[in-house]
Amino acid sequence: MSELSDFDDMYQEVIIDHYKNPRNSKKLSGNYDETKAHNPFCGDEIELQLIISEDRIVEKISVTGRGCAISQSSGSLMSDSVYGKSIEEVKNINLNVRAMLKDEELSDEDLDSIGDSYAIEGVKKFPVRIKCALLSWAALKELIDKY
Amino acid sequence: MDLERIRKDFPILKTKVNGNDLVYLDNAATSQKPKLVIDSLVDYYENYNSNVHRGVHTLSVKATNEYEKSRSKVREFINADKDEEIIYTRNASESLNIIAYTWGSRNVNKDDDIFITPFEHHSNIVPWQELCKNKKANLKYIPLTESGDVDLDKFKSMIGTKTKLISITHMSNVLGTLLPVKEIINIANSTPAVTVIDACQSVPHMPVDVKDLDCDFLCFSGHKMLGPTGIGVLYGKFDILNEMPPFLFGGDMISEVTYEDAKWNDLPYKFEAGTPNIADAIGLGFACDYLKNIGMENVWNHEIEIGEYIFSKFKSLDNFEVLGEKSKEKRGGVVSFSHNKVHPHDIGSGLDQFGVAIRTGHHCAMPLVRSYGIVAASRASVYIYNTKEEIDIFINRLLEVEEYFK
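Residues numbered from 1 in each chain as written. Chains lettered and ligands numbered in written order. Predicted model: local features only at pLDDT ≥ 70, side-chain atom pairs only at ≥ 80, totals over all residues. Heavy atoms only, no water.

### Some details on the layout of surface pockets
Any space left empty among the atoms is revealed by the rolling of a water-sized probe across them.
Phase 1 of the analysis: Taken as a whole, the largest pocket spans an internal volume of roughly 730 Å³.
Phase 2 of the analysis: Forming the walls of the largest pocket are 29 residues, and the residues nearest its centre are H345(B), I358(B), R359(B), T360(B) and G361(B).
Phase 3 of the analysis: Contributions of two or more residues to the lining of the largest pocket are made by α6 (130-144) of chain A together with α12 (344-353), β15 (356-357) and β16 (359-361) of chain B.
Phase 4 of the analysis: If you tally residues by element for the lining of the largest pocket, the top one is α12(B), at four residues.
Phase 5 of the analysis: Taken together, the residues of the lining of the largest pocket sort by class into 11 nonpolar, 11 polar and seven charged.
Phase 6 of the analysis: Residue contributions to the lining of the largest pocket reach at least three from each of two domains, namely domain 1 (3-25 + 295-405) and domain 2 (38-293) of chain B.
Phase 7 of the analysis: Lining the second largest pocket we find 23 residues, and of these R66(A), H339(B), N340(B), K341(B) and H343(B) sit closest to its centre.
Phase 8 of the analysis: Broken down by class, the residue content of the lining of the second largest pocket amounts to nine nonpolar, 10 polar and four charged. (1 Å grid on protein atoms, 1.4 Å probe; cavity = no way out; pocket = protein on both sides within 12 Å on 5 of 7 lines; lining within 4 Å. Points joined across faces, edges and corners; volume = space filled by probe spheres on them. Helix = DSSP H or I, 4+ residues; strand = E, 2+ residues; numbered from the N terminus. Nonpolar A, V, L, I, M, F, W, Y, C, P; charged D, E, K, R; others polar. Domains from an automatic or database assignment.)

The following block contains the structure:
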């Protein structure tokens, strides 16, 4: 479907790649924090596990689930974007991703902070799918806000 | 049936979606509207907009006449006896709620049974759940056979003097299969129960005769049958409606009001409090005219043909499964399907890029869709204006989308 530019903007190659080969999808062991996010309307599910180190860094992350290409790839991309980042950085990235999907103006620095998850930017042209893209980020917010 | 001519009557079919000709296959959600219906709305607002039932001036008389004429058209369309048996509502959901709140609250008591089927739309589940919670009554489901159809023998063994209400869909909005409503009504007649038919997917697509069905109530929405949104119908047998208390109170539903009390107006006005949806009711009358002119037998035969065509296409595809494939019941022009890998929302977004509109999700029938071990499905549903060529486009594009996500 290469002639369909909007569609390809949403389903970028990197999105399809993360959908087919999700990163950080191995369940954690040890002392981790865990939450589930669920969209009852389409059944999309994201399961998120985190280990935050003593110096408040995302030391380990696991994202699993089932659902559409957008929700699942977004979870995988998110894990890459926040791995090794501090709690404060993660909170900031979370805000920036939301702002990006709302098509708000972002500074270069804020855009850079988003990292690989910039790939989901094309979803903003498909408002009904923004919820799919934000499912994993909602789960992340729930866990991170405790710190 | 002259498909080419019919298609010309629907202005929206000329619309381009994402650069492609629109292929509209979401008719079970809402149908498109012919020019005749659209024009009737404009005509009302431009030429005789006025309130009904109380004015003595020319426009009010004309508006009242057209509003009541529409009621007669609807009555004739479903072969009811009297105009008084046709109550205008917003939609089938409101019609079902009226029954639950008025007939239900008066006649359903503790430990009574209400029966529905596992195929129901949320609008024919939730009002009964609420009624049963309030009354401490039981909501029961008619069991299914191995092929996934209603098990009438088991049903017979479950009913009795405690059975107060049986509410069933005429045609599943997910599976597209017809339910044996006549047999169920026959069985129900051995109990004190009233019978309710959710006819949202049948009245728009096939001949429906309330006298032949002998149901006590029948509910449907105008917007699924070429009519405007915001207008629906509650049919009820005169004697039962007449006994029922009103649902909403206010203007138009009274015959006499003192500072202390009020007397209720006659049917159907007792159930139409406040200024009704005049324009859209008139529009629905024109939708009935349009369908009657084509002939409901012709509409139904066309949809069976296109439905079978879709069904046969899916049978030849790997990786796709049609929901309710094993059913032995007759099916119309609704086919829901799932893919063993690609999520319905990806399918729906993909097809949309090609101008093909289908529905994805749980189709307001969460329990049924879940019973297939999935949380969401894709659905193609047809109407009089859909062609086999459109189905070919749909299937070809579907395969392209599948390839994209493979």
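On we go from here.
### Points about the side chain of S76(A)
Residues and elements named next belong to chain A.
Phase 1 of the analysis: Turning to its location among the elements, S76 is positioned in helix α3 (residues 69-82).
Phase 2 of the analysis: According to the relative accessible area criterion, S76 is buried, its value standing at 2%.
Phase 3 of the analysis: A polar atom in the side chain of S76 sits 2.8 Å from the backbone nitrogen of R23. (Buried < 20%, exposed > 50% of the residue type's maximum accessible area, 1.4 Å probe, protein only. Polar contact = N/O pair within 3.5 Å; in protein donor to acceptor, adjacent residues only side chain to side chain.)

### Observations concerning the sheet that holds strand β8 (residues 194-198) of chain B
Residue and element names in this part refer to chain B.
Phase 1 of the analysis: The sheet built from seven strands is open, its strands ordered β4-β10-β9-β8-β7-β5-β6 with mixed pairing. Two strands bound the open sheet, and with one partner strand each, they are β4 (86-89) and β6 (138-141). The mean angle between the axes of side-by-side strands here comes to 20°, regardless of whether they run parallel or antiparallel.
Phase 2 of the analysis: As paired elements, β8 and strand β9 (residues 217-221) share three bridges and run parallel to each other. (Pairing = 2+ DSSP bridges. Axes fitted to C-alpha atoms, helices over the stretch in contact; angles between N-to-C directions.)

### Comments concerning the pattern of salt bridges
Phase 1 of the analysis: Under the criterion given, the structure shown has 35 salt bridges over all chains.
Phase 2 of the analysis: Across the salt bridge formed by K211(B) and D81(B), the nearest N and O atoms sit 3.0 Å from each other. Placement of K211(B) in helix α8 (residues 210-213) and of D81(B) in the loop between α3 (58-77) and β4 is noted, with a sequence separation of 130 residues between them.
Phase 3 of the analysis: A salt bridge links D214(B) to K237(B); its shortest N-O distance comes to 2.9 Å. You can see D214(B) sitting in the loop between α8 and β9 and its partner K237(B) sitting in the loop between β10 (232-236) and α9 (238-243), a full 23 residues away along the chain.
Phase 4 of the analysis: Each of D103(A), E121(A) and K124(A) takes part in salt bridges that share partners, so that together they form one network. (Salt bridge = Lys/Arg side-chain N within 4 Å of Asp/Glu carboxyl O.)

### Points about the interface of chain B and chain A
Frequently, the measure chosen for interface size is the accessible area that the parts lose on association.
Phase 1 of the analysis: Between chain B and chain A, the residue contacts involve 19 residues of the former and 24 residues of the latter.
Phase 2 of the analysis: For the pair chain B and chain A, the summed buried area comes to about 1800 Å², and 59% of that belongs to carbon and sulfur atoms.
Phase 3 of the analysis: Taken together, the links from chain B to chain A amount to 10 residue pairs in polar contact (both at pLDDT 80 or more).
Phase 4 of the analysis: Looking at the side of chain B that touches chain A, the elements that each hand over two or more residues are α12 and α14 (388-405) of chain B.
Phase 5 of the analysis: If you tally residues by element for the side of chain B that touches chain A, the top one is α12(B), at five residues.
Phase 6 of the analysis: In the side of chain B that touches chain A, the residues fall into eight nonpolar, seven polar and four charged. (Contact = heavy atoms within 4.5 Å. Buried area = accessible area lost by both parts, 1.4 Å probe.)

### Observations regarding α14(B)
Phase 1 of the analysis: Its 18 residues place the ends of α14(B) 26 Å apart at the C-alpha level, agreeing with the 26 Å of an ideal helix rising 1.5 Å per residue.
Phase 2 of the analysis: The complete set of buried residues in α14(B) reads E390(B), I391(B), F394(B), I395(B), L398(B), V401(B), E402(B), Y404(B) and F405(B). (Expected span 1.5 Å × (residues − 1).)

### Details of the domain arrangement of chain B
All names here are of chain B.
Phase 1 of the analysis: As assigned here, chain B comprises domain 1 (3-25 + 295-405) and domain 2 (38-293).
Phase 2 of the analysis: Computed from C-alpha atoms alone, the centre-to-centre distance between domain 1 and domain 2 is 28 Å.
Phase 3 of the analysis: With 37 residues of domain 1 at the interface, the matching set in domain 2 holds 31 residues.
Phase 4 of the analysis: Between domain 1 and domain 2, the buried area comes to about 2700 Å², and carbon and sulfur atoms account for 62% of it.
Phase 5 of the analysis: Considering only the side of domain 1, the residues that lose the most area to domain 2 are M296, L368 and Y383, jointly responsible for 25% of the buried surface there.
Phase 6 of the analysis: Run the count over domain 1 and domain 2 and you get zero salt bridges.
Phase 7 of the analysis: Linking domain 1 with domain 2 are 17 residue pairs in polar contact (both at pLDDT 80 or more).
Phase 8 of the analysis: Among the elements of the structure, α11 (296-315), β14 (334-339) and α13 (366-371) are those that each provide at least two residues to the side of domain 1 that touches domain 2.
Phase 9 of the analysis: Counting residues per element, the side of domain 1 that touches domain 2 draws most heavily on α11, which supplies five residues.

### As for the nonpolar core
Residue and element names in this part refer to chain B.
Phase 1 of the analysis: Formed by 75 residues in total, the largest nonpolar core has its most connected members in I78, L218 and I384.
Phase 2 of the analysis: Ranked by residue count, the leading element in this core is helix α10 (residues 278-294), at 10 residues.
Phase 3 of the analysis: Split by domain, this core shows at least three residues from each of two domains, domain 1 (3-25 + 295-405) and domain 2 (38-293).
Phase 4 of the analysis: Discounting chain neighbours no more than four positions away, the residues touching I78 are I86, V203, V208, D209, V210, L218, F220 and Y235. (Core = buried A, V, L, I, M, F, W, Y, C linked by side-chain atoms within 4.5 Å.)

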